[in-house]
Structure formats: structure tokens, C-alpha cells
Amino acid sequence: MTTMSRLAGVLAATAALVTAAALAAAPATARPLAAATRPAPATRPAPGLSWDLLATPTSTASLRGLSVVNPRVVWAGGSEGTILRSVDGGRTVTSVGPPGTSDLQFRSVHATSAWHAVAASIGDTPDAMRVYVTDNGGRTWRMSQQNTLPTAFYDCMAFTSGRTGYILSDPVDGKFLVLKTTNGGHSWRQLPSRGMPPALAGEAGFAASGTCITANRRGDLLFGTGGVDPGRIFRSTDRGRTWSVTDSPIAGSATAGVFSLSFGPGRRGVAVGGDFAAPDAAVANAAWTSDLGRTWHAATGLGGYRSGSAWLDGWPGGVLAVGTSGSDVSWDGGRTYATFDTGTFNAVDCVPWACYAAGAEGRMARLVVGR
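Source: prediction; values computed, not measured.

Counting secondary structure elements, the protein chain contains 1 helix and 29 strands. Each of the 371 residues in the protein chain was classed as buried or not, and the buried ones make up 61%. Counting contacts in the protein chain only where the partners sit at least 6 residues apart, residues at least 24 apart contribute 54% of the total. Within the structure as shown, the protein chain displays about 13,500 Å² of accessible surface, and the carbon and sulfur contribution to it stands at 54%.

Here it is, written out as C-alpha cells:
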């Protein structure tokens, strides 16, 4: 396990100590994002945003994996073997995690329905890097992958379709390791490393929100790293067979770098990060691309360290970013951001007209759009 991966445990402890700031009460005219009426893009004003906290069955688990299937169905995963599921838009949230996994941390979750979900875990030993899959809403789970490599560490997971997905691991024998499934997470294989550029000394991923790797439906892949300065971004346009790598505008160190990436409409994308040991620091912590990650440009306005990002579907150029010191929104494709909330979250995910966030102490919330 790398130094960076060991710091993932420090990150979890740090996030658990952050006191959640009181969220602003939604105005009387506010309504859930899923219920918003789609105005014409040319005349649409930037709305006010806030988070509506959900009641969850845990107040101790740090939630880091998050997958929103549609406005009603959302899954989340975290420490203490926790996996949560809601099928009614967050009105009720139930615990459906695999039995006997209380020593695992589910840092990445991907779901395709109310019934099918894949969850990847980390822990204190190499064999704690595992993948579980359910096809019945969490009533039963099957372990489909268990690590056997002493230096592997499962940082994050992304899917290009309901069946094809990828897991990024910290470097093994000097190169980042990528696992691939083509059957919805029921089995995994290691991709050849010959097309992967060498990792730098101390370079690794951050298992902070399950989104240090991202994918689009064309099969393009991006993943971000830290532990080196600046943080780097790896890119594949052939479904993980070959990769290129470029320096990002995001500063890196042992506790800093690129934490989250997400593809947007067309060829756009964003990267966010910072230093989890300095959550309020707002310098060199965000970037944007308009050419599928070939080149990256520095963004401004991100309010501090941010571990999760997602495009605000339905609003042209809308991007959300969350972290332990607050939440930010961009309306110009990630070029500039503004903070709209100071509560603590680790992960965010969106589908058309619905966004959810998850964080420390069992916090889950749904985005509310105010007129």
C-alpha cells in the first residue's frame, strides 16, 4: 500500500471531525431539482441552490461512494460496511450492505437500477480491496473480486455502460493498475500494463469519492493523481488499452492533487481537488477541458478542497463540486465557481433534474433549486 493510500484513512478521520455547518433553509418557493420546469437556455437565470438533508439509518459512517440512477433511486456506500439505498427520492433510506463487512469501507458505488449495484471496498489489508455485486436490491451480495497483490489499492470506479466498468488501483510494479468488467461487475480482469505510462515516485490516486476515474459512453477514460506536484491526469480514448498523461493545473503534494473528474456535454470535462489537510485552501484546485482532456486550463473561484464533482444535467455549463468545507457551483463549464453552502460532503452525483450528495456522519442530501 502506498503512502498516499494510507493517507486515505487519515482523510476519513479528518472528514469525520469536520462539524457540519447548518444548511440554509430552502425558501418557500424552492422545489426539488427533479420537479423544475425546463426554461429556454438563452433566458434561464442562474438559480439559487441549497441542500435538503435526508434522514439516514447511520450517524457514524463516512459516506464516499454515491450513485444516482434516476430522481427516485440513489445508492451510497461508506465506512463500517455501509451501503444505503433509497427508491423514493430520499424520503426513506435503508441500509442494505453485505453482512460481515463492518471492517470495510465502500469508497465506490455504481448502480444501474433499484436492484443492481456494484460496490468496491478498501481496508487495512490488501485483501480488503474487494468488489461486491447485488441483483436484488441488496438482499444478497456476492463478492466478485478480491485483491491478491500486496501493493494494490482500489481508489475509484467508473462505468461506460451498464455492463462495462473500470476500477483504478494505485501503482503495482511502477504503473497504475486498471481492472475491467464487461458483465456489470460480476467478474473482473486486469488490463495489460504495457500501454500505461510509468507512475512517478510517490504518485497515487485518492479514494475520496469514487470519482478519481471517470468515463463517458464512448469509452473515453480519465483519471487523476496526487502525491506529485502538480497532480497529473491520465487519458485513454481506446477503452483503457493505451494511455497518455499530462500535468494538470492542480497543485499536488502528499495530501493534495486531483481528487475528482467528470465528463460533461460534448468534449467538456472538469477536474477538482486541492489539499485535504488544508480544506479551506482555495489555490490551484480546479481545472477544465474542452477537448476530452487533451489539454487542461486553470479554473477560479472553487472555495477550498473539493473531493467530488458532477455536471448539473439540464443546466448548460452547470457543474457541482463538494468537499469537507463546502459546495460550489459553476455555470460556465467549470471555468469559474461560487460557493453556495458550507456544510461537509465527500461525494456528489447527478442525473437529469436530480442531484444528491453524501458525506461524513451518515449525511445525505438532495439538491433544491430556488427561484
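The subject of this paragraph is the pattern of salt bridges. Evaluation of the coordinates by the stated rule reveals 3 salt bridges. Residue Asp220 is joined to Arg218 by a salt bridge in which the shortest nitrogen-to-oxygen separation is 3.4 Å. The exposure class of Asp220 is buried, given its relative accessible area of 7%. Here Asp328 ties to Arg306 by a salt bridge, and the two come within 2.4 Å at their closest N and O atoms. With Asp328 in strand E25 (residues 326–330) and Arg306 in the loop between strand E22 (297–298) and strand E23 (308–311), the pair connects residues that are 22 residues apart, well separated along the chain. Judged by its relative accessible area of 1%, Arg306 is buried.

Geometrically, the link from Asp229 to Pro230 is a cis peptide bond, its omega value of 0° lying close to zero. Take Pro230: it is sitting in the loop between strand E16 (221–224) and strand E17 (232–236). Even without being a glycine, Asp173 presents a positive backbone phi close to 55°. Within the secondary structure, Asp173 sits in the loop between strand E12 (165–172) and strand E13 (175–181).

What follows deals with the state of the cysteines. For the structure on display, the rule yields 2 disulfides. The disulfide that involves Cys350 links it to Cys355, with 2.1 Å between the sulfurs. On the S-S bond that ties Cys350 to Cys355, the torsion sits near 110°, and the link is right-handed.

Calculation notes
All residue numbers refer to position in the chain's written sequence, counted from 1. Since the coordinates come from a predicted model, pLDDT governs what is reported: local features require at least 70, and pairs of side-chain atoms require 80 or more to be given and counted, while whole-chain, interface and lining totals use all residues. As a rule here, side-chain values come from all non-hydrogen atoms in the structure, and water together with hydrogens is ignored. Only DSSP runs of H or I with at least four residues qualify as helices, and only runs of E with at least two residues qualify as strands; both kinds are numbered from the N terminus onward. Note on classification: 1.4 Å probe, protein chains only; a residue is buried when its accessible area is under 20% of the maximum for its type, exposed when over 50%, partly exposed between these limits. The contact rule is simple, with two residues in contact once any of their heavy atoms fall within 4.5 Å. Only the protein chains shown count as cover for residues, with accessible areas throughout obtained via the Shrake-Rupley method and a probe of 1.4 Å. The term salt bridge refers to a pairing of a side-chain nitrogen on Lys or Arg with a carboxyl oxygen on Asp or Glu at a separation within 4 Å. Criterion for a disulfide: a pair of cysteine sulfur atoms within 2.5 Å.

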